[in-house]
Amino acid sequence: PKLALMLGMALSAGACLAWTLARSTAVLYAVMAAMGVAVACKQTCGMQIAMAVLPTRARAAQFMSEFQTALSLAQLVCSQLFGAVLEFFAVPSSPHSSSSSFFSEESSVSLSALSSESSVLGVTPKYTHLGYQVVFLICIACELLAMLLVAFIRVDRGMKAQLSEAERPLLADSPSIN
């Protein structure tokens, strides 16, 4: 599972890089499909590794809930931070200006479906390709850091602890030799 997790991270980083370079919708859809495969691989293999390194199976539910909470909190915080990055690079656009697509020469996307106070005033922000490039470059850096950290995980230590725990009740039930 460790190698599969690292391959999923590499695929995810590659998809982020391809996204920053994409200039057509077809390529973007292929990148999104690759990202979906990478995320599925990371989630399943990550949980397998987490179960393997648990110090005790008796408290597995507690450890796994803490693991899932840590994942959820990171997603909550990062979505706010990356939203701020996109807003920083956003370009205001009036509804009377020509609506450009994501892959136009201006390289910006109009998200008029999102309602905000500025759209009430007749100004809708356009999120630039540069903003998305910054976000995905940060994602690539995070994936590479995660791959480095995963390389240091020692699955065998957790499995040894779980095996010794599983043998304890058997030894306690067996008759004493003394």
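Right above here is the structure, for reference.
Residues numbered from 1 in each chain as written. Predicted model: local features only at pLDDT ≥ 70, side-chain atom pairs only at ≥ 80, totals over all residues. Heavy atoms only, no water.

1. Some words on the overall build of the chain
Item 1. Counting its secondary structure elements, the chain contains 6 helices and 3 strands.
Item 2. When the helices and strands of the chain are read in sequence order from the N terminus, they spell out α-α-α-β-β-α-β-α-α.
Item 3. Out of the 178 residues in the chain, the part that is buried amounts to 29%.
Item 4. Taking the intrachain contacts of the chain between residues at least 6 apart in sequence as the baseline, contacts between residues at least 24 apart amount to 70%.
Item 5. Of the accessible surface of the chain, which amounts to about 11600 Å², a share of 70% is contributed by carbon and sulfur atoms. (Helix = DSSP H or I, 4+ residues; strand = E, 2+ residues; numbered from the N terminus. Buried < 20%, exposed > 50% of the residue type's maximum accessible area, 1.4 Å probe, protein only. Contact = heavy atoms within 4.5 Å. Areas by Shrake-Rupley, 256 points an atom, 1.4 Å probe, with all protein chains shown as cover.)

2. Remarks on helix H3 (residues 60-89)
Item 1. For H3, with 30 residues, the first-to-last C-alpha span of 44 Å sits near the 44 Å given by 1.5 Å per residue.
Item 2. Listed in full, the buried residues belonging to H3 are Ala60, Phe63, Met64, Val85 and Leu86. (Expected span 1.5 Å × (residues − 1).)

3. Focus on the packing of aromatic side chains
Item 1. If you walk through the whole model with that rule in mind, you get 3 aromatic pairs.
Item 2. Geometrically, the ring pair formed by Trp19 and Tyr132 is tilted, given 5.3 Å between the ring centres and 45 degrees between the ring planes. Remark: Tyr132 occurs in helix H5 (residues 129-151) and Trp19 occurs in helix H1 (residues 2-21); sequence separation between them is 113 residues.
Item 3. By relative accessible area, which is 11% here, Trp19 ends up buried.
Item 4. Since its relative accessible area comes to 17%, Tyr132 is described here as buried.
Item 5. Between Phe88 and Phe89 the ring centres are 5.1 Å apart and the planes differ by 90 degrees, which places this aromatic pair in the edge-to-face class.
Item 6. The exposure class assigned to Phe88 is exposed, which follows from its relative accessible area of 66%.
Item 7. Through a chain of ring-to-ring contacts, three or more aromatic side chains come together here, namely Trp19, Tyr132 and Phe136. (Phe/Tyr/Trp six-rings, centres within 6.5 Å; stacked < 30°, edge-to-face > 60°.)

Read these as layout, nothing more, since geometry by itself doesn't imply function.
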